[in-house]
Amino acid sequence: NDCLVYRKSIDIVGVATVQWSHNHSQTKKDNHMNFLYSSKSHFNLANLVTFSNITAGLIATYLISQNSFLWAAIFAWMGGAFDIMDGKIARKYNLSSEFGIQLDSFADFLSFVLVPVFFIFQAIYITSFSGFGLFVSGIASIYYVLSGLRRLIQFNIDADTGKVEKFFTGVPTPLGAILLWVIYLINLTGILSPSSVILLMIVIAWSLNSKIKVPHP
């Protein structure tokens, strides 16, 4: 009987040890993944998606410099998809943070300001203008970039972490980028002249910091 009790005791200890080992291993695994769902982590899930946006923007920039406009457009729109995803993830898992706001604005500046402007400059302006015309298109492009930068800086100053306003004041940079892409596509049809593209770029640049109210999606 003593032997039987001893064996049962060993079995119980063995099962408990295995169970503890399993729980300890699972806890370590969970702890290793906690950074993905911590608003304090620079590499949480929302920020990783934002980094993907930045990566897509950088690849698009390189492709534009190589005049590979189709692939550049594909990566630019991939960046736009990542921009939509990171905000939804941040709100769903309460991952909003000051770092995330700053990172998102940098990603927006690259993907929604620099990339579309550089795209239009390379795809339309350089092939259509020379001399004074190219100079004017360059000024228009710089004006757009500075307007986009100004908007994003002001947005960061006014931003309340985790809060979503019902309306944007001024055209948001993602919408401005979409308008530039639409202008490019219309230009391909021949309906819009390169000079008209310059004029519309200036108008959109002005609208970024205007008092126009745009509903938040």
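Residues numbered from 1 in each chain as written. Predicted model: local features only at pLDDT ≥ 70, side-chain atom pairs only at ≥ 80, totals over all residues. Heavy atoms only, no water.

Concerning the overall build of the protein chain
Operational definition: What counts as a helix is a DSSP run of H or I of at least four residues, what counts as a strand is a run of E of at least two, and both are numbered from the N terminus. Each residue is assigned to one of three classes by its accessible area relative to the maximum for its type, calculated with a 1.4 Å probe on protein chains only: buried under 20%, partly exposed between the two thresholds, exposed over 50%. Throughout, a contact is declared for two residues whenever any of their heavy atoms are within 4.5 Å. Working definition of accessibility: Shrake-Rupley area with a 1.4 Å probe, residue cover restricted to the visible protein chains.
In terms of helices and strands, the protein chain carries seven helices and two strands. Along its sequence from the N terminus, the protein chain presents helices and strands in the succession α-α-α-α-α-β-α-α-β. Split into buried and exposed, the 217 residues of the protein chain put 38% on the buried side. The contacts in the protein chain between residues at least 6 apart in sequence include a share of 77% that link residues at least 24 apart. Total accessible area on the protein chain is roughly 13,000 Å²; 67% of this is exposed by carbon and sulfur atoms.

Focus: the packing of aromatic side chains
Within a pair of aromatic rings, the relevant descriptors are the distance that separates the centres and the angle that separates the planes. Rules: Aromatic pairs are defined between Phe, Tyr and Trp rings, using the six-membered ring for Trp, whenever the two ring centres lie within 6.5 Å; interplanar angles under 30 degrees are classed as stacked, those over 60 as edge-to-face, and all others as tilted.
Taken as a whole and judged by the stated rule, the model has six aromatic pairs. Here the aromatic rings of Phe121 and Tyr125 are separated by 6.0 Å at their centres, their planes lie at 85°, and the arrangement is edge-to-face. Here the residue Phe121 and the residue Tyr125 both occupy positions in helix 4 (residues 98-128), the gap between them amounting to four residues, near one helical turn. Judged by relative accessible area, which is 0%, Tyr125 ranks as buried. Ring centres 6.0 Å apart and planes at 50° place the aromatic pair Tyr125 and Phe129 in the tilted group.

Digging into the packing of helix 6 (residues 173-189) against helix 7 (residues 194-208)
We count it as follows: Orientation is described by axes fitted as lines to C-alpha atoms, over the contacting stretch for helices, and by angles from 0 to 180 degrees between their N-to-C directions. To sort the angles, those under 35 degrees are grouped as roughly parallel, those over 145 as roughly antiparallel, those from 65 to 115 as roughly perpendicular, and the leftovers as oblique. Classification used: nonpolar for Ala, Val, Leu, Ile, Met, Phe, Trp, Tyr, Cys and Pro, charged for Asp, Glu, Lys and Arg, polar for all others including Gly.
The geometry of helix 6 relative to helix 7 is characterised by a closest axis approach of 10 Å and an angle of 170° between their N-to-C directions. With respect to each other, helix 6 and helix 7 are oriented roughly antiparallel. Taking contact as the criterion, the partners of Thr173, Gly176, Leu179, Leu180, Ile183 and Asn187 in helix 6 are, on helix 7, Pro194, Val197, Leu200, Met201, Ile204 and Leu208. Its residues assigned to classes, the contact of helix 6 with helix 7 comprises nine nonpolar, three polar and no charged.

Description of the nonpolar core
We apply this condition: Among the buried residues, those of types Ala, Val, Leu, Ile, Met, Phe, Trp, Tyr and Cys that are joined through side-chain atoms within 4.5 Å form a nonpolar core.
The biggest cluster of nonpolar side chains holds 42 residues, and the ones touching the most others in it are Phe119, Tyr125, Tyr144, Leu180 and Met201. When residues of this core are traced back to their parent elements, those giving at least two are helix 2 (45-65), helix 3 (69-92), helix 4, helix 5 (132-158), helix 6 and helix 7. Looking at this core, the element that brings in the most residues is helix 4, giving 13 residues. For Met201, the residues in contact, after removing those within four places along its chain, are Val117, Ile120, Tyr125, Ala140, Ser141, Tyr144 and Leu180.

As for the confidence of the model for the protein chain
Basically, it comes down to this: Think of pLDDT as the predictor's per-residue confidence, scored from 0 to 100.
Predicted confidence across the protein chain gives a mean pLDDT of 84, with 81% of residues reaching 70 or more. Taking the mean pLDDT of every element in the protein chain, the minimum, 49, falls on helix 1 (residues 2-33) and the maximum, 97, on helix 7. Segment residues 2-16 is flagged for pLDDT under 50; beyond a separation of four residues in sequence, or across chains, it makes zero contacts in the model.

A closer look at helix 5
For clarity, the threshold we go by: In this analysis, the expected span of each helix is defined as 1.5 Å times one less than the number of residues it contains.
When the terminal C-alpha atoms of helix 5 are compared, their 39 Å separation across 27 residues agrees well with the 39 Å that a helix rising 1.5 Å per residue should span. Those residues of helix 5 that sit buried are Ser137, Gly138, Ala140, Ser141, Tyr144, Val145, Ser147, Gly148, Arg151, Leu152 and Asn156. Each element contacted by the buried residues of helix 5 is listed here: helix 4, strand 1 (167-169), helix 6 and helix 7.

A few points about a nonpolar patch on the surface
Quick note on the threshold: Candidates for patches are residues over 30% relative accessible area with no salt bridge; among them, like charges are joined within 9 Å and nonpolar side chains (Val, Leu, Ile, Met, Phe, Trp, Tyr) within 5 Å. Salt bridges are identified by distance alone: a Lys or Arg side-chain nitrogen within 4 Å of an Asp or Glu carboxyl oxygen.
On the surface, Phe132, Phe135, Ile139, Ile142, Leu146, Leu149, Ile153 and Ile157 cluster together to form a nonpolar patch covering roughly 840 Å² of accessible area. Look at Leu149 and you get partly exposed, because its relative accessible area is 34%.

Observations concerning the packing of helix 2 against helix 4
What counts is decided by this rule: Two helices crossing with the near one rotated counterclockwise from the far one by less than a right angle form a left-handed crossing, whereas a clockwise rotation gives a right-handed crossing.
Between helix 2 and helix 4, whose axes approach to 9 Å, the crossing angle comes to 20°. Between helix 2 and helix 4, the crossing angle belongs to the class labelled roughly parallel. For the crossing formed where helix 2 meets helix 4, the hand is left-handed.

Topic: the environment of Ser52
In this structure, Ser52 sits in helix 2. Take Ser52: its relative accessible area is 27%, and that puts it in the partly exposed class. Separated by 34 residues in sequence, Ser52 and Asp86 place their C-alpha atoms 9.6 Å apart.

Thoughts on the side chain of Ser147
Mapping Ser147 onto the fold places it in helix 5. Note on Ser147: relative accessible area 6%, which makes it buried. With sequence-adjacent residues up to four places away left out, Ser147 is seen in contact with Ala205, Leu208 and Asn209.

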